[in-house]
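This is what each chain is made of:
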Amino acid sequence: MPVSFQTYSGKADTYITFFTYLDKAEQHADDREVATGHYVQIDIWSKGDYTVLVQEVQRQMEEAGFQKISFTDLYEKDLKIYHKVMRYVKVKETSLWPK
């Protein structure tokens, strides 16, 4: 299964692209960021049924500590391909910067 950052230029009928769409401070202490939210989008593109692939991506993202935000089913008419948008967040504690 081809997996590519942001864009894919190969010829596979099913592939995955991904990117970070937001990194933001989630928590502050003493005017310093102590937790950062890493928001990622995974896009599954397929000319066929991608149900099993969606379940596998969901399982792996949960195992990696990501929380589901939203899933959207689309059909890209111009490309004649099904498109599953999967958005996740993982909040990580950050070390306090030296004072």
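Scope of this entry: the structure provided in the associated data block. (Residues numbered from 1 in each chain as written. Predicted model: local features only at pLDDT ≥ 70, side-chain atom pairs only at ≥ 80, totals over all residues. Heavy atoms only, no water.)

1. A short note on the sheet that holds strand S1 (residues 3–5)
Spelled out, the test is: Strand pairing is assigned whenever DSSP detects at least two bridges linking the two strands. Think of it this way: any DSSP run of H or I at least four residues long counts as a helix, any run of E at least two long counts as a strand, and we number them from the N terminus. The axes are straight lines fitted to the C-alpha atoms, using for helices just the contacting stretch, and the angles between their N-to-C directions are given from 0 to 180°. What makes two residues a contact is simply this: any of their non-hydrogen atoms within 4.5 Å.
Read across the open sheet, the five strands follow the order S1-S2-S3-S5-S4; overall the sheet is mixed. The open sheet terminates on both sides in strands that have one partner only, identified here as S1 and strand S4 (67–76). The average undirected angle you get between the axes of adjacent strands in this sheet is 25°. Contacting strand S2 (14–29), strand S3 (32–46), S4 and strand S5 (81–93), helix H1 (residues 51–63) runs over the sheet at an angle of about 5° to S5.

2. Re the environment of Val40
Mapped onto the secondary structure, Val40 falls in strand S3. Separated by 17 residues in sequence, Val40 and Asp23 place their C-alpha atoms 8.8 Å apart.

3. Focus: the pattern of salt bridges
For clarity, the threshold we go by: Criterion for a salt bridge: a side-chain nitrogen of Lys or Arg within 4 Å of a carboxyl oxygen of Asp or Glu.
All chains considered together, the criterion is met by three salt bridges. Among the ionic contacts, a cluster of salt bridges with common partners joins Glu56, Arg59 and Glu63.

Purely spatial values, then, with no claim about function.
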